[in-house]
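The residues making up each chain are set out below.
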Amino acid sequence: MFAPVRQPLALRTSFPPGLLVSTAAVSVMFTATPFLLPELGRHFGVSTAALGWYSAAQVATFAVASFGAGRLLAPSHRLLVVSGVVFAIANVASIFAGGFWLLVGVRGLAGLASGTVNWIAWGQAARKPAAMGRVAAIGPMAATIGALAFGPLIAWAGYRAVFAAVAVVGGLAVLLPAAIDSGEPVGRSVSDSNSNRVLLVAAGLLTLFASSAFVFLGIRLEGLDAAPWVLSIAMAGNALAGYLGTRRTAKRAWVWFVLIGACAAVAFVPVLVWPVVIAVWTWGFAFWMGIPRLLRLLEERSDRPGERTGDAQGLMAVGRILGPIMGGSLEGLGGFIMVGTVAAFGVTAAGSMVAGVERQRTRAGR
C-alpha cells in the first residue's frame, strides 16, 4: 500500500504469489505483538514479565519448525497449504481464547505453522539468488501496513480484531498459487564451515538482545505518556525503513548490527518520545540491511542452496524466545534503562562476531 505499485507487481512475476503472501502473513503476525501486549496485559490482568511468555510461546514453536522442517521434511505445496490452514485456524482460535495461558498455548500452534511457512519461503528464495532481496522486501512491506492499521483497529474493535486480520491474510495465502521446487531434506549433511557456525550464533544473539527490548516498545511508549498513534507511526516507519533497506545491498553486515545496538540504547534509555521513534525507524533500516547480507555470507560457505536457511531462522527464533523473557526480567530489576543498556551491549557483541568473520574471509580471499 505504501510501496510503489511496480514493486509488488515485480515480486509477483518473479516469485510465487502464494509464497509471498504467506511470508507477509508471518511478518504481520510478529508486527502485531507490540500492539497486542499492552491490550492483553490490561484485559487479562497479567504482568510485563508474564506478557513475555506470549511472544516466547509463538516464537519457540517457530524455532522448532524452522529447525525440524529443514532437517526432516522436503518442501512441497501440500505442506505449505496445510501449514497455512493451521496458521489461519490458530489465529481464529486466539479470538475466542478465554484465558491468558490458553491464548499462549494457541499462539504456540500459530508459531509452529508460521515457522514451517517461513522455512519453505526462504528456502525457495535461496534457490534463486536474485529473489532473496525481493522476498526480504515483502516482510517490511506487510509490516508497514500492519503497523499503520493495528493501532486504529484495536481502538475501534479491540485486540480480537487483530487476530481476525492476521487470520484473513493467512487464509488468502492458501488460496493463491505457489509452485514449490521440491528437494530432499537437509538431514545432518551440512557444510563444516566454522565461520558459518559463528555467523549462526551471532544471528541468534542479535535477536536475543534486540527482541528483549523491541517487543516492549508499546509498553515503553505508553510509559512515556505517548498517544496510541505514536506507536503506529514508530512501527510503520520501522517497517518502511526496513523495506528501503531491502532494496540496497550491504557490503558489510557488522556495521548494521552495531547500529541496531545504538538504536536500542536510544529507544530505551532517554525519557523523551521522539528520540525513541527516530531510533525505531533507524532500527528497521539497519536490521534489513544487515540480515540479508548475513544470509548471503552463510550461502557463500554452504554446500547447496538453502542449506543453512532453516538453521539461521531457527536460531534467530530461539533468540526471540528468550529475549522477551529476559527483557521482562530486566525491566523488573532496573526498568527500561537496564533493558536498553543490556540490549545495546549484546547486539554490539554479536556485531563484533560478524566483523571477525568478514575480516577473516576478506583476508582469505586476497
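Parameters and conventions
Residues numbered from 1 in each chain as written. Predicted model: local features only at pLDDT ≥ 70, side-chain atom pairs only at ≥ 80, totals over all residues. Heavy atoms only, no water. Helix = DSSP H or I, 4+ residues; strand = E, 2+ residues; numbered from the N terminus. Buried < 20%, exposed > 50% of the residue type's maximum accessible area, 1.4 Å probe, protein only. Contact = heavy atoms within 4.5 Å. Areas by Shrake-Rupley, 256 points an atom, 1.4 Å probe, with all protein chains shown as cover. Expected span 1.5 Å × (residues − 1). pLDDT = per-residue confidence, 0-100. Phe/Tyr/Trp six-rings, centres within 6.5 Å; stacked < 30°, edge-to-face > 60°. Salt bridge = Lys/Arg side-chain N within 4 Å of Asp/Glu carboxyl O. Arc of directions from axis to C-beta.

Draft legend 1. Region of interest: the overall build of the chain. The helix and strand tally for the chain stands at 13 helices and zero strands. Along the chain direction, N to C, the helices and strands of the chain fall in the order α-α-α-α-α-α-α-α-α-α-α-α-α. Each of the 366 residues in the chain was classed as buried or not, and the buried ones make up 57%. Considering only contacts within the chain whose residues lie at least 6 apart along the sequence, 87% involve residues at least 24 apart. Counting only carbon and sulfur atoms, one obtains 68% of the accessible surface of the chain, whose full area is about 14600 Å².

Draft legend 2. Geometry of helix α7 (residues 160-175). Over its 16 residues, α7 runs 23 Å from end to end, which matches the ideal 22 Å to within 8%, given 1.5 Å per residue. Inspection of α7 places Ala-161, Val-162, Phe-163, Val-166, Ala-167, Gly-170 and Ala-173 among the buried residues, and these make up the whole buried set.

Draft legend 3. Structural view of the confidence of the model for the chain. Confidence along the chain averages 83 in pLDDT terms, with 87% of residues attaining 70 or more. Averaged pLDDT values over the elements of the chain bottom out at 39 in helix α1 (residues 6-14) and peak at 94 in helix α11 (residues 254-268).

Draft legend 4. Fine view of the environment of Trp-283. Residue placement: Trp-283 occurs in helix α12 (residues 273-300). C-alpha of Trp-283 to C-alpha of Ile-260: the two residues are 23 residues apart in sequence and 5.4 Å apart in space.

Draft legend 5. Representation of the environment of Val-26 within the structure. With respect to the helices and strands, the residue Val-26 is situated in helix α2 (residues 17-44). Between the alpha carbons of Val-26 and Val-166 there is a distance of 8.6 Å; along the sequence they are 140 residues apart. Not counting the four nearest positions on each side in its chain, Val-26 is found in contact with Phe-62, Ser-114, Val-117 and Asn-118.

Draft legend 6. Expanded view of the packing of aromatic side chains. Tallying each qualifying case throughout the model produces eleven aromatic pairs. Geometrically, the ring pair formed by Phe-35 and Phe-150 is edge-to-face, given 5.9 Å between the ring centres and 70° between the ring planes. Residue Phe-35 is located in helix α2, and its partner Phe-150 is located in helix α6 (residues 132-157); the two are separated by 115 residues in the primary sequence. Comparing Phe-35 with Phe-150, the two get one shared label, buried.

Draft legend 7. Spotlight on the pattern of salt bridges. For the structure on display, the rule yields five salt bridges. Between Arg-42 and Glu-222 there is a salt bridge whose closest N-O contact spans 2.7 Å. Of the two residues, Arg-42 is situated in helix α2 and Glu-222 in helix α9 (residues 217-223); the sequence distance between them amounts to 180 residues. Overall, Arg-42 belongs to the partly exposed group, its relative accessible area being 48%. Here Arg-361 ties to Glu-300 by a salt bridge, and the two come within 3.4 Å at their closest N and O atoms. Note that Arg-361 is positioned in helix α13 (residues 309-364) and Glu-300 in helix α12, a separation of 61 residues in sequence.

Draft legend 8. The environment of Gly-84, seen in detail. Among the secondary structure elements, Gly-84 is positioned in helix α4 (residues 77-96). Judged by relative accessible area, which is 8%, Gly-84 ranks as buried. For the pair Gly-84 and Val-174, spaced 90 residues apart in sequence, the C-alpha separation works out to 5.8 Å. Beyond its immediate stretch of four places on either side in the chain, Gly-84 contacts Val-117, Gly-170 and Val-174.

Draft legend 9. Molecular detail of α11. Under the 1.5 Å per step criterion, the end-to-end length of α11 is 22 Å for 15 residues, consistent within 8% with the ideal 21 Å. Taken together, the buried positions of α11 are Trp-256, Phe-257, Ile-260, Gly-261, Cys-263, Ala-264, Ala-267 and Phe-268. For α11, the arc enclosing every buried residue in end-on projection is 160°, short of the 170-degree limit, so these residues lie on one face.

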